[in-house]
Amino acid sequence: MNGDLVACPYNKSHLVAPLRMPQHLLKCKKNYTGESLATCEYNALHLIPFEEMDEHYKKCIDYKRKVMKEGNDEFVDNMHVTNA
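Bear in mind that the values here come from a model prediction, so they are computed numbers and not experimental data.

1. Some points on the side chain of D62
With respect to the helices and strands, the residue D62 is situated in helix α3 (residues 61–70). For D62, the side chain forms a polar contact with the side chain of R65, separated by 3.3 Å. Every residue in contact with D62, bar those within four places of it in the chain, is listed here: Y42, N43 and H46.

2. Remarks on the pattern of salt bridges
All told, the structure shown has 2 salt bridges when counted by the stated rule. Across the pair D62 and R65 runs a salt bridge whose closest N-O atoms are separated by 3.3 Å. Of the two residues, D62 and R65 both sit in helix α3, 3 residues apart, roughly one turn of that helix.

3. Quick look at the packing of aromatic side chains
Under the criterion given, the structure shown has 4 aromatic pairs. Seen in terms of ring centroids, Y42 and Y57 are 5.6 Å apart; in terms of plane orientation they differ by 80 degrees. Their pairing is edge-to-face. With a gap of 15 residues between them, Y42 in the loop between β3 (37–39) and β4 (47–49) and Y57 in helix α2 (residues 53–59) connect regions that are remote in the sequence. Y57 gets classed as buried once you look at its relative accessible area, which sits at 2%.

4. So, the confidence of the model for the chain
Chain-level statistics for the chain give a pLDDT mean of 83 and a share of 79% at 70 or above. The least confident element of the chain, judged by mean pLDDT, is helix α4 (residues 73–77) at 46; the most confident is strand β2 (residues 15–16) at 96. The low-confidence segment residues 73–84 (pLDDT under 50) makes 20 contacts with residues lying over four places distant or belonging to another chain.

5. Observations regarding the environment of C60
Locating C60 in the fold gives a position in the loop between α2 and α3. C-alpha separation for the pair C60 and C40, spaced 20 residues apart in sequence, amounts to 8.8 Å. Those residues in contact with C60 that sit more than four places away from it in its chain are C40 and H46.

6. Notes on the side chain of H56
By secondary structure assignment, the location of H56 is in helix α2. Other than its neighbours up to four places away in sequence, H56 contacts C40, H46 and I48.

Thresholds, definitions, all that
- Here, residues in each chain are numbered from 1, in the same order as that chain's written sequence.
- Local features in this predicted model are restricted to residues whose pLDDT is 70 or higher, and side-chain atom pairs enter the listing and the counts only when it is 80 or higher, whereas totals over whole chains, interfaces and linings include all residues.
- Hydrogen atoms and water are omitted, and side-chain values are computed over all heavy atoms in the structure.
- Going along the chain from the N terminus, every DSSP run of H or I of four or more residues is numbered as a helix, and every run of E of two or more is numbered as a strand.
- Here a polar contact means two N or O atoms within 3.5 Å. Within protein one must be a hydrogen donor candidate and the other an acceptor candidate, and residues neighboring in sequence count only if both atoms are side-chain atoms.
- Any two residues having at least one pair of non-hydrogen atoms within 4.5 Å are treated as being in contact.
- What counts as a salt bridge is simple: a side-chain nitrogen of Lys or Arg found within 4 Å of a carboxyl oxygen of Asp or Glu.
- Each Phe, Tyr or Trp ring, with Trp reduced to its six-membered ring, pairs with another whose centre is within 6.5 Å; inter-plane angles below 30 degrees give stacked pairs, above 60 give edge-to-face pairs, and intermediate values give tilted ones.
- Think of it in three bands: with a 1.4 Å probe and only protein chains considered, a residue is buried below 20% of the maximum accessible area for its type, exposed above 50%, and partly exposed in between.
- Values of pLDDT, ranging from 0 to 100, describe the predictor's confidence in every residue of the model.

Set out below in structure tokens:
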């Protein structure tokens, strides 16, 4: 069952089913006191420390899907990451 769970970005000890993550994030954010997290432009469930966002886009499957769907090299060049 653990393979079906995702770690909460606010508290890594919280393992949540992906379909329940939106509700969990709303609840968990209220108690979060850590560093500010940025929201990925391609998946609102991806909450990443600001300084790690460019690195996140290199690995983000939702970013890659958007780029492939657009099929537009200019789109990639104008985004946060080139050579993704």
